[in-house]
Structure formats: structure tokens, C-alpha cells
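Next come the chains, spelled out residue by residue.
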Amino acid sequence: MFEGLDTRNMIRLGLFTIGCFLPIAFGNVYREFFVPLAFGSVDPSGRCPDGWTRFGSKCFVLIQDKQNWPEAQMTCDVLRGNLASISNAGENGVVSKMLLASTADKAWIGLHDLVTEGHFVWTKTNRAANYTNWKRGEPNNLNGKQHCGAVRRDQEWSDRPCSDRLPFVCETTDSHGR
Ligand SMILES: [Ca+2]
């Protein structure tokens, strides 16, 4: 498969990508998306894996395949990342622009209050979110069933049932390769 290529060097450079094409249906329209299954870690020179967007020390990618929140986190883990933690308005703007450039109107981020109701933490660190950009009236834990956080195209956040199937944003960093 990689005959003639220096695979070890590709891995070192963070360019090694394995993936597959998945047919995904929108209504009655089928399209095939390339879904990366594995990446090398981000290299020290600051290069993000192919298809990811750098902002500061982080690389973000919007995956448009709709998955529930736990599935989305597992997929980000396969990509050697996590569901995105958004630490400041700059990062929130970058992630929101990725939604605006897509057909997604909202996407999962790595925010949940599954452990303690009303206490939202980032899944990557299990620490409370210092920066937040909740829509007015959110998080409201509607019907007692909303424990996972999503960002919308207007940059504002809402809590939603973790079983909802949404596109999602993964992040990785070059400091930890995660
Ligand atoms: Ca909740």
C-alpha cells in the first residue's frame, strides 16, 4: 500500500493518514465523505494534520457525520484528539466559522454536566469551563435531559440531550499529541 514511500518519515511528520470513504445520506441524496481514522500526532513545528485548522496551539476539525455525544468523543479519540474544548472567544470564533463554512447549524463540543448537574466541565480535562458563551437562557437542562454542550452557527452554546446526533468538532494539540 505504501510501497516506495518512507512510512516512518510520514508518521514522524504527522502526515500519516488512514481513512475510508463512508456513504452518508442527506434526505435522498447520498454522498461519500472521507473519514480519517488515524493521524500521526501534530509535529513540533506546529503543523496540523491534513484537513485540520490551527488556532494558537490547537488544531480543530469539524466532522459532519452526525453522531451522538459519546460516539463523537470516541471518534475524536480515534483521531488522537478529544471533542473540542473552547477556551476563549478567539477559539469560539474559529469553531463557529467552521460551522458557517459547512451545512452544519450546530455541533457537539466537549462540554458536559454528566457528573454534577449544572456543573459543566470539559471532557479533555474534567475541569470547569472558565470561558463560556451560552445563549441567553441556556443551559436550561430542558426536561432534565440535557447534559451535553453544542455550539451553534451564531457562536452561542446550548445544552442538549447527549443522545442527539450532531456533527462535532474535535481538537488536538501539539504539546501532548492529544
Ligand atoms: Ca444538564
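Please read these numbers as outputs of a predicted model, since none were measured by experiment.

A. Focus on the overall build of the chain. Scanning the chain from N- to C-terminus turns up 3 helices and 10 strands. For the chain, the succession of helices and strands along the chain, N to C, is α-β-β-β-β-α-β-α-β-β-β-β-β. Partitioning the contacts of the chain with sequence separation of at least 6, the portion at a separation of at least 24 is 61%.

B. Inspection of the nonpolar core at higher detail. Ranked by size, the top nonpolar core spans 33 residues in total, and within it L83, A107, W108, I109, F168, V169 and C170 carry the most contacts. Breaking this core down by element, the ones donating at least two residues are β4 (58-67), α2 (69-78), α3 (89-100), β6 (106-112), β8 (148-152) and β10 (166-173). Here this core gets 5 residues from one element, more than from any other, and that element is β4.

C. Molecular detail of the pairing of β4. As paired strands, strand β3 (residues 53-55) and β4 are joined by 3 bridges and run antiparallel to one another. What sits directly across from F55, in β4, is K58. The turn joining β3 and β4, which pair antiparallel and follow one another in sequence, is formed by 2 residues; a positive phi near 60 degrees is taken by G56.

D. Representation of α2. Taken together, the buried positions of α2 are W69, A72, Q73 and C76. For α2, the buried positions fall inside an angular range of 100 degrees around the axis, keeping them on one side. Buried residues in α2 make contact with β4, β5 (82-83), β6, β8 and β10. Once α2 ends, the next one or two residues include R80, with phi positive near 60 degrees.

E. Expanded view of unusual backbone geometry. The step from E138 to P139 runs through a cis peptide bond, and the omega angle for that step is -5 degrees. In this structure, N126 is a non-glycine residue whose phi angle is positive, near 60 degrees. Here N126 shows up in the loop between β7 (121-122) and β8. You can call N126 exposed: it has 9 C-beta atoms within 10 Å.

F. Up close: the environment of N92. Mapped onto the elements, N92 comes out in helix α3. Spatially, the C-alpha atom of N92 lies 8.4 Å from that of V151, the residues being 59 residues apart in sequence.

Reading the values: rules and limits
Residues numbered from 1 in each chain as written. Predicted model: local features only at pLDDT ≥ 70, side-chain atom pairs only at ≥ 80, totals over all residues. Helix = DSSP H or I, 4+ residues; strand = E, 2+ residues; numbered from the N terminus. Contact = placed C-beta atoms within 7 Å. Core = buried A, V, L, I, M, F, W, Y, C linked by C-beta atoms within 7 Å. Buried ≥ 20, exposed ≤ 12 C-beta atoms within 10 Å, placed from the backbone. Pairing = 2+ DSSP bridges. Arc of directions from axis to C-beta.

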